[in-house]
Each structure stands twice: as structure tokens, then as C-alpha cells.
Amino acid sequence: MAAADTRDAGLRRGIGAFGLAAAIVNVVIGAGIFSLPAGMARTAGPYALIAYLVCALAMGAVVLCFAEAGSRVPTSGGTYGYVEAAFGPLAGFVAGVMLWLGCVLAAGGIAAAFADALAGLLPVLASPIARGGAIVAILGVLTLVNLAGVRPASRLIAVTTVIKIVPLALFVIVGAWFVHPASLSSGVVPDAGGIGRAILLSLFAFQGMETALGASGEVADPTRTLPRALIGAMAFIALFYIAIQLVAQGLLGAALAGSHAPLADAMATIDPRLGLLLVIGTAISMGGWLGSDLLGAPRVLFAFARDGFLPRVLGRVSPRSAVPATAIVTHATIAALLAVTGTFETLAVLSVLTSCALYAMGCGAAWVLRRRTVALVGTPLRLPWIGLWALLGAGSMVAVILLARWDEIGGLVAALAGSCLLYAIARRRR
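Residues numbered from 1 in each chain as written. Predicted model: local features only at pLDDT ≥ 70, side-chain atom pairs only at ≥ 80, totals over all residues. Heavy atoms only, no water.

Considerations on the overall build of the protein
A tally of helices and strands in the protein yields 18 helices and zero strands. Counting all 430 residues of the protein, 57% fall into the buried class. A fraction of 85% describes how many contacts in the protein between residues 6 or more apart in sequence connect residues 24 or more apart. (Helix = DSSP H or I, 4+ residues; strand = E, 2+ residues; numbered from the N terminus. Buried < 20%, exposed > 50% of the residue type's maximum accessible area, 1.4 Å probe, protein only. Contact = heavy atoms within 4.5 Å.)

Some remarks on unusual backbone geometry
The general pattern is negative phi for most residues beyond glycine and trans for most peptide bonds. Despite not being glycine, Ala322 shows a phi value in the positive range, around 60°. Within the secondary structure, Ala322 sits in the loop between helix H14 (298-306) and helix H15 (325-341). Judged by relative accessible area, which is 5%, Ala322 ranks as buried. For Thr373, which is not glycine, the phi dihedral falls at a positive 50°. Relative to the helices and strands, Thr373 resides in the loop between helix H16 (348-371) and helix H17 (386-402). What makes Thr373 exposed here is its relative accessible area of 57%.

Focus: the side chain of Ser71
Relative to the helices and strands, Ser71 resides in helix H4 (residues 48-72). Looking at Ser71, the relative accessible area reads 0%, which means it is buried. One polar contact links the side chain of Ser71 to the main-chain carbonyl oxygen of Glu68, over a distance of 2.7 Å. (Polar contact = N/O pair within 3.5 Å; in protein donor to acceptor, adjacent residues only side chain to side chain.)

Here we look at the environment of Glu210
Looking at where Glu210 falls in the secondary structure, it is placed in helix H10 (residues 209-212). Judged by relative accessible area, Glu210 falls into the buried class, the value being 5%. Sequence separation of Glu210 and Trp100 is 110 residues, and the distance between their C-alpha atoms is 9.7 Å. Excluding its chain neighbours within four sequence positions, the residues that come into contact with Glu210 are Thr79, Leu99, Ser355, Leu358 and Tyr359.

Topic: the packing of aromatic side chains
Throughout the structure, instances matching the rule amount to ten aromatic pairs. Both rings, one in Phe66 and one in Tyr359, keep their centres 5.8 Å apart while their planes meet at 85°; by these two values the pair is edge-to-face. Taken together, the residues Phe66 in helix H4 and Tyr359 in helix H16 connect sequence positions 293 residues apart. For the pair shown, Phe66 and Tyr359 are each scored as buried. Linked through ring pairs, Phe93, Phe304, Phe309 and Tyr423 together constitute an aromatic cluster. (Phe/Tyr/Trp six-rings, centres within 6.5 Å; stacked < 30°, edge-to-face > 60°.)

Focus on helix H3 (residues 36-44)
The element H3 is largely enclosed, with a buried count of eight among its nine residues. All buried positions along H3 are accounted for by Leu36, Pro37, Ala38, Gly39, Met40, Ala41, Thr43 and Ala44. Gly45, located one to two residues past H3, shows a positive phi value of around 55°.

Overview of the nonpolar core
Across soluble globular proteins, you tend to see nonpolar side chains buried next to one another. Grouped together as the largest cluster of nonpolar side chains are 134 residues, with contacts concentrated most on Phe171, Phe206, Met209 and Met234. The leading source of residues in this core is helix H6 (residues 89-121), at 17 residues. Each residue touching Met234, except ones within four places of it in the same chain, is listed here: Ile24, Val28, Met59, Val63, Phe206 and Met209. (Core = buried A, V, L, I, M, F, W, Y, C linked by side-chain atoms within 4.5 Å.)

So yeah, pure geometry; function would need other evidence.
Have a look at this one:
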């Protein structure tokens, strides 16, 4: 693996603990949480909270592993760097491809959903041409902010995170006063398959930290900042999700499963104006998510180029703003094309499975990096029982993969095999 000071040459470590934590919160709490409670109610009924807790515990082990691995290898590409340092270039390349592919597909889907949300508020944007223009406009503006430098990009993310959290916090605080206790146990009791599907859905809501960690090469004092920001942000997210599901279930009861906009519908039972606030919050959430994606995901392309797997132009750093400008523009362009031509919904489960494979590799990397005493910068975090957390994290992710249908698992295997083929082609060209 290339040393951190070589791979990240030209980048500035300007992201602090709050900026990184905000980026993690922003990219994990995306548009999904505004509609996820209904899907959880449909699949798990009154046991949706149990599915959340199971997923939160599994992700807790993964987060601990990523916190230590990130403090040992704080380099551009995030998980790509951890896995490569632990298992070699092939495994690192596969992890990087899975990471970037999931990010760019998700960015295309969220951008498409953002345009659809705007069309709900402004019907004039419903036509295909206007929809395409809205997608290009939002991605164009966010790209310009990221091209201006990592500091303005992280500040924008921090601001949009706060703005996005306000309506969600209002939902929890105000809605809690109107919860009907009897509604918490309403709904159809699911079978084991339903609970398993709910765990897959809840993991989709928890994934995304790997995107923000793609900018690890630009984090200040990474051995302290990375673990603190990651653990703090994910703990906050887990508690927030459980509270949101609890209030939504308590307000709508059995009707939650049939809602298309569950949080807005739940707040509308209290006051229609509060329902409109949640609709606006959904749009802001999508825009903020795209900003976080454009901060982290292009750094994976940048890292690949610096390591010689992609054209070197993607590894160039702007001398004015010290950001990988070509990688950012390339990522945004591909995301815009995906958004204009399709949607992300059908790829949601495959995205979860891809993340599970990535998380399992990251957990194993944390254990290997500890055994090899790898530390690229400063004194890394040393968690007690890292072997146990790695085993629990990786084992949980494999178990979640097995909850999917066989055709979905086959899609994951095909994606992994395709990554290995791309690596062989790249090595031959090098």
C-alpha cells in the first residue's frame, strides 16, 4: 500500500471532529428515514423496534472496528485503505469498487428522488426535461461547493445537517406528547421472514458511514478525530432512529404500514402545517445527503488513481483549492446520468448486501491491523477485545447477507467477481 503521505500528497487535513461527525450523520440520516418507518411496519409490524435494536447492535461492533482501523490507516478512500493495508491490493481494490459503486448508485437514486420531491412541491418540475434540469442543477451547485475546498464543503454539510435534524427532532419531541400507547402494539404480527426483511431495511438506513470516511486523508489529528466522530455520530443515529420509529408507530398505529410519507402523515394528525414541514425536511435531507456523498465518495476514485488503478487525471489535486477536482466532477457526472435515466429503489437490497460485504472486510482488517501493529499516523486507538468485535461484526454481516433471496446474493457474488476481473485488467495495464 502507498504510504499515507504519498497517497494524500497535496491534500489538507482540515476536517475536524464536528465536521466529520456531521458528514457521517448527514450521509447516514438521508432521505430514507423519512419513509423507512412504513416499510419497517409492513415487514415487522409491532416488532420493528426489535429489528432496529438487532441492527444497531450488529452495526455497533462494525463501528468499533472501523474506529480502530480508521485511526491506524487514516487515508483517502477510507475502507479501501484499511482493507488494502490488511489483506493486500486485490482485496483493497474489491473493497474500493464496492464502496464507490454503492455510493454513485445511491447518489443517482437520491438525486432522482430529490427531483421527484421538488416536483411534489412545484408541479412544473414534473416534466422529464424540467426534472433532468433540476437534477443537473442540484448536483452542479453541490459540485461547485466541493470544488471550492474541503472547508466550505464540510461547513455546508454541518449547516444542512443541523437544518435537516430540526424537523426530525421536532417530530420526536412534539410527536411524543401525542403517542397513543395502544398503537405501539398494533399491526400484523410478522413471520421470521418478515423480521429478516426488516433487518435488511434497517441496515439500509444505517449504512453510509463509509462514504464520509472516504475523506479520511483530509481529517485533522486523525487518530483522535476519526474514532470520536465515528462512534459519537453512529450512537446518536441509532438512538434517533429508534425514537423516530417509536413516535411514528405511536401516532399512526396500524395505518403506518400503508403510508407513503409516514413522518409527514404522522405529524399531519397533529397539525397539517407540521406535515408540510416534514415534506420540506425531506427535500433538505436529500440535498444534504448528496453534499456528503460528493465530499467522500470521489476520494475513492482519487485513491485508485493515486495507486495506479485508474487514469492519473483522476488523481490530480487542484492547486487552488487542494481537492481532487477531476474525481469530484467525474463522480457527480455519473451520478447525474444515473439519476436522469433511472431510480435507485430496485438496487436498495443489493446496496445493503454490498455494504455488508464491505463491513465484513473492514472488521477483519481491524483485527489484522492490530496484530501487525500498523499505524501510519501517530498513536492509534486500541480498543479492548478487538478480536471479539471483529468476529461479531463480520459474523453479523454474513448473517444479514443470508437473509436475502438467492438471486440477490447471486448479484452480490457477480459484483465481487466483476471487481476481481477489473483488478486483473488494471494490473495488466500497469
